[in-house]
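Tertiary structure, described
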Amino acid sequence: MENNIENFICSLINEEGIGSIYERIVLKRFFEKSVINYQFQSLLEYGCKITKGYDNIIFFEKKSVTVSDQNIDEIKKRWRFPSQPVFSGLNFTKKYDLVWNFALMQQNPEMLLKMKNLSQKYVLVFTPNIYNCGTPFHWGYHFLTRTPCHHAEQGSISLRTLSGLKRFFLKNGLKIVDCGYIDMPPIPDIGFSINELKKFLNKDFKAPEKPKMPIEMIREKIEKMMFVENNPLLKNILSPVMSHHNFIIGEI
């Protein structure tokens, strides 16, 4: 099952790019090592605009999984993995042992209270790390293009820091179980694609079709990119400026 999941993630390379593939594999391994052993039987991803719900597949064999979004029909239509979760909108009466979200709460701080009310045990949140070395490039992009930010790197500055997340969870009555940094490829998190910039500079630009890379080659490349993530010393020193995301797990 483990290889099948990571092979599936790598198969998305043509539609998502190496940075997103790296992020998904790191998230899968984080869930596998740090989350799946928590005492929970049911989980809800509350809002999956960014993840498309794919990152829950690690739980399918052992847990009851619900994927929710305001555009759930679109999420369901794009689903590509053979196993399926329960697909739902955002209106609930049921409660879940674990409720989680990826990179949306910084734009919608009120989500935390909704997630807390839907949880019986744990709330897990990931937000972009504003201290990542790519942040100045992101700001520079919007300064150059004079465009409003439509990326995940917007919203509350405080909630894009680990210390701000801790304060916010404590303020809302959640006990902090674990927190830290995740997703540390040797690629700055600039928050926009190079094709986006090329399109701005040349309105007629069309992104070339990417050649299909063998899954083995993608996996080998991902493993090489994990030299910070897999080295405790480097991770401890560099994670505040290299990690793309913060995470925090709170208990009700």
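Note that the structure is predicted; figures quoted are calculated from it, not measured.

Definitions and limits used
Residues numbered from 1 in each chain as written. Predicted model: local features only at pLDDT ≥ 70, side-chain atom pairs only at ≥ 80, totals over all residues. Heavy atoms only, no water. Helix = DSSP H or I, 4+ residues; strand = E, 2+ residues; numbered from the N terminus. Contact = heavy atoms within 4.5 Å. Buried < 20%, exposed > 50% of the residue type's maximum accessible area, 1.4 Å probe, protein only. Pairing = 2+ DSSP bridges. Right-handed = clockwise from strand over helix to strand, strands pointing away. Core = buried A, V, L, I, M, F, W, Y, C linked by side-chain atoms within 4.5 Å. Salt bridge = Lys/Arg side-chain N within 4 Å of Asp/Glu carboxyl O. Arc of directions from axis to C-beta. Phe/Tyr/Trp six-rings, centres within 6.5 Å; stacked < 30°, edge-to-face > 60°.

Some points on the overall build of the chain
Across its full length, the chain holds ten helices and seven strands. The contacts of the chain with a sequence gap of at least 6 include a subset with a gap of at least 24, amounting to 71%.

Concerning the pairing of strand 2 (residues 64–68)
Counted residue by residue, strand 2 has four buried out of five residues, so it is predominantly covered. Relative to strand 3 (residues 86–88), strand 2 is paired through three bridges, and the arrangement is parallel. Bridged to Ser68 within strand 3 is Ser88. Once the chain exits strand 2 it traverses helix 4 (residues 72–78) before rejoining the sheet at strand 3, and the crossover so formed is right-handed.

Notes on the nonpolar core
Of all hydrophobic cores here, the largest spans 45 residues; its most connected members are Ile21, Phe30, Phe31, Val35, Phe59, Leu124 and Phe126. Those elements that place two or more of their residues in this core are helix 1 (2–10), helix 3 (18–35), strand 2, helix 4, strand 4 (96–102), strand 5 (119–128), helix 9 (215–225) and strand 7 (245–251). The biggest single contributor to this core is helix 3, with eight residues. In contact with Phe59, not counting residues within four places along its chain, are Phe31, Val35, Ile36, Phe40, Leu43 and Val65.

Section: the pattern of salt bridges
Across all of its chains, the model carries ten salt bridges by this definition. In this structure, the salt-bridge partner of Glu6 is Lys28, at a minimum N-O distance of 3.0 Å. Here the residue Glu6 occupies a position in helix 1, and Lys28 occupies one in helix 3, the gap between them amounting to 22 residues. Relative accessible area serves as the criterion here: at 1%, Glu6 is assigned to the buried category. Judged by relative accessible area, Lys28 falls into the buried class, the value being 3%. Salt-bridge contacts for Glu223 lead to Arg29; the nearest nitrogen and oxygen are separated by 2.5 Å. Separated by 194 residues along the polypeptide, Glu223 in helix 9 and Arg29 in helix 3 bring together distant segments of the chain.

Some remarks on helix 7 (residues 162–171)
Regarding helix 7, the residues found buried are Leu162, Gly164, Leu165, Phe168 and Phe169. In an axial view of helix 7, the angular spread of the buried residues amounts to 160°, which keeps them on one side of the axis. Those residues of helix 7 that are exposed and angled more than 90 degrees off the buried face are Arg167, Leu170 and Lys171. Residues of helix 7 that are buried make contact with helix 5 (111–118), strand 5, strand 6 (175–182) and strand 7. Positive phi appears at Gly173, one or two residues downstream of helix 7, with a value of about 80°.

Re the packing of aromatic side chains
Per the counting criterion, the structure on display carries 18 aromatic pairs. Between Phe30 and Phe126, the ring centres sit 5.7 Å apart and the planes meet at 75°, which makes this aromatic pair edge-to-face. With Phe30 in helix 3 and Phe126 in strand 5, the pair connects residues that are 96 residues apart, well separated along the chain. Comparing Phe30 with Phe126 shows no difference in burial state: the two are buried. Ring geometry for Phe31 and Phe126: centres 6.3 Å apart, planes at 80°, overall edge-to-face. Of the two residues, Phe31 is situated in helix 3 and Phe126 in strand 5; the sequence distance between them amounts to 95 residues. For the pair Phe31 and Phe126, a shared accessibility class is recorded, and that class is buried. Pairwise contacts between aromatic rings join Phe30, Phe31, Phe40, Phe59, Trp100, Phe102, Phe126 and Phe247 into one cluster.

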